[in-house]
Amino acid sequence: QVQLVESGGGLVQPGESLGLSCASPSIFKVYAMGWYRQAPGKRRELVAMITVGGDTHYADSVRGRFAISGDVAKNTVYLQMSSLKPEDTAVYYCNAGDDLMTAGNFWGQGTQVTVSS
């Protein structure tokens, strides 16, 4: 049973920074890991992904503000979020799979990020 465990969500003010972490208690082989998010009433959307070789992909809405890093071979991934905006408020989900641009089959339980003054 593949498990992805997220941590690091919380409440911050606009303009502040926040980091998310994702890891698996057991090692499994995947090509890419990353983050999706879902805001109330909206579809789940890709935020950022990274491959085992270090290639990255970002949503246009976060490029330049968010940075993804990690070691996909060790099933760990991080998301450093800066200059946060209220529209970044969502549940953030860790994801793992076989493609950089498409959600994989493995999901974490989600962590809430709220950006509000």
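Read on for a plain summary of the structure. Computed from a predicted structure; not experimentally measured.

1. Quick look at the side chain of Thr 51
The topology assignment puts Thr 51 in strand β5 (residues 45–51). Here Thr 51 is in contact with Tyr 31, Ala 32, Val 72 and Leu 100, once residues within four sequence places are set aside.

2. Re the pairing of β5
Among the seven residues that make up β5, six are buried, leaving the element largely enclosed by the rest of the structure. With six bridges joining them, strand β4 (residues 32–38) and β5 adopt antiparallel strand pairing. Its bridge partner being in β5, Met 33 is matched across the sheet by Ile 50. Two successive antiparallel strands, β4 and β5, enclose a turn made up of six residues, where Gly 41 displays a positive phi of approximately 75°. Inspection of the sheet shows β5 paired to strand β6 (residues 56–58) by three bridges, in the antiparallel sense. By the bridge assignment for β6, Met 49 is matched with His 57. The antiparallel hairpin formed by β5 and β6 contains four residues in its connecting segment, where Gly 54 sits at a positive phi of about 95°.

3. Focus on the sheet that holds strand β1 (residues 5–7)
If you trace the four strands from one edge of the open sheet to the other, you get β1-β3-β8-β7, paired in antiparallel fashion. Each having just a single partner strand, β1 and β7 (66–71) make up the two edges of the open sheet. Averaged over all neighbouring strand pairs, the angle between strand axes comes to 15°, with direction disregarded. Of the strand pairs in this sheet, strand β3 (residues 18–23) and strand β8 (residues 76–81) are connected by six bridges, and their pairing is antiparallel.

4. Concerning the environment of Leu 11
Topologically, Leu 11 is positioned in strand β2 (residues 10–12). For the pair formed by Leu 11 and Ser 116, sequence separation is 105 residues and the distance between their alpha carbons is 7.2 Å. In this view, Leu 11 contacts Thr 114 and Ser 116; residues no more than four positions away in its chain are not counted.

5. Thoughts on the pairing of β7
Where β7 meets β8, six bridges bridge the pair, whose relative direction is antiparallel. In the strand pairing of β8, Ile 68 is matched with Leu 79. From the end of β7 to the start of β8, which pair antiparallel, there are four residues, and Asn 75 there has a positive phi angle of about 60°.

6. Let's talk about unusual backbone geometry
With phi around 60°, Asn 75 is a residue other than glycine that occupies positive phi space. With respect to the helices and strands, the residue Asn 75 is situated in the loop between β7 and β8. Positive phi outside glycine occurs at Ser 83, with the angle close to 45°. Relative to the helices and strands, Ser 83 is located in the loop between β8 and β9 (90–97). On the basis of relative accessibility, which here comes to 42%, the residue Ser 83 falls in the partly exposed class.

7. Some thoughts on the environment of Val 72
For Val 72, the location among the structural elements is in the loop between β7 and β8. Given the relative accessible area of 2%, Val 72 is considered buried. Distance in space between the C-alpha atoms of Val 72 and Lys 29 is 8.4 Å, their sequence separation being 43 residues.

Calculation rules
- Residues numbered from 1 in each chain as written.
- Predicted model: local features only at pLDDT ≥ 70, side-chain atom pairs only at ≥ 80, totals over all residues.
- Heavy atoms only, no water.
- Helix = DSSP H or I, 4+ residues; strand = E, 2+ residues; numbered from the N terminus.
- Contact = heavy atoms within 4.5 Å.
- Buried < 20%, exposed > 50% of the residue type's maximum accessible area, 1.4 Å probe, protein only.
- Pairing = 2+ DSSP bridges.
- Axes fitted to C-alpha atoms, helices over the stretch in contact; angles between N-to-C directions.

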